[in-house]
Amino acid sequence: CPSAAPSPDTLRSHSPHEQHHQLMPAFVVGIVQAVSPVAGKDKLQALEVDIGSGGDPLRIVTNASNVRVDSRVVVATVGCELRDGTTVKKAAVGGVSSEGMLCDAPMLGWVGGGA
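The rules behind these values
- Along each chain, residue indices are assigned from 1 in the same order as the chain's sequence is written.
- Selection of residues for local features in this predicted model requires a pLDDT of at least 70, selection of side-chain atom pairs for listing and counting requires 80 or more, and totals for whole chains, interfaces and linings are taken over all residues.
- Only heavy atoms go into the side-chain values, all of them from the structure, while hydrogens and water stay out.
- Salt-bridge detection follows one rule: a side-chain nitrogen of Lys or Arg within 4 Å of a carboxyl oxygen of Asp or Glu.
- Accessibility here uses a 1.4 Å probe with only protein chains present; expressed as a share of the type maximum, an area under 20% marks a residue as buried, one over 50% as exposed, and anything in between as partly exposed.
- As used in this record, nonpolar core signifies buried Ala, Val, Leu, Ile, Met, Phe, Trp, Tyr and Cys residues forming a set joined through side-chain atoms within 4.5 Å.
- Only DSSP runs of H or I with at least four residues qualify as helices, and only runs of E with at least two residues qualify as strands; both kinds are numbered from the N terminus onward.
- It only takes one pair of heavy atoms within 4.5 Å for two residues to be counted as in contact.

> Hey, could you run me through the pattern of salt bridges in this one?
In a structure, side chains of opposite charge can pair up when their charged atoms sit close to one another. Going through the model one piece at a time under the given rule, you end up with two salt bridges. Between Lys90 and Glu99 there is a salt bridge, and its shortest N-O distance comes to 3.9 Å. The exposure class assigned to Glu99 is partly exposed, which follows from its relative accessible area of 25%.

Below is the structure:
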């Protein structure tokens, strides 16, 4: 995963399937398959996100309240370096294992429009 944010063209030029099989950390587009509350944590949701790898969906814990089943989301996979230098790690969030991170437009360096 490059340390500089990918452009929208970069995200469109590779399918999530291709990126995952390169076995490299990446920003990928995923489809939310399931959303469930995290017990005892009012603002956290556990998501199952299909990133097109052909394997099991990723479990990602988020505080994003606008995520629903069938939402398309940008995911920073484990090992990916964000714009602020933070590296995404597998971690327990609210006591639930999380295998990536959802990224919003500003985190990707996008401005204007829907950002």
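From this point, things continue past the structure.
> Which parts of the structure should I look at to understand the nonpolar core?
Nonpolar side chains tend to gather and get buried jointly when the protein is soluble and globular. Core analysis: the biggest nonpolar cluster contains 12 residues, these being Ala26, Val28, Val32, Leu47, Val49, Ile51, Leu58, Ile60, Val67, Val73, Val75 and Leu102. Listed by contribution, the elements that provide at least two residues to this core are β1 (27–38), β2 (41–50), β3 (58–62) and β4 (72–77). Every residue in contact with Val49, bar those within four places of it in the chain, is listed here: Gly30, Ile31, Val32, Pro57, Leu58, Ile60, Val73 and Val75. Judged by nonpolar contacts, the second largest core, of eight residues, contains Val74, Ala76, Cys80 and Val88.

Bear in mind that shape data such as this cannot, by itself, settle questions of function.
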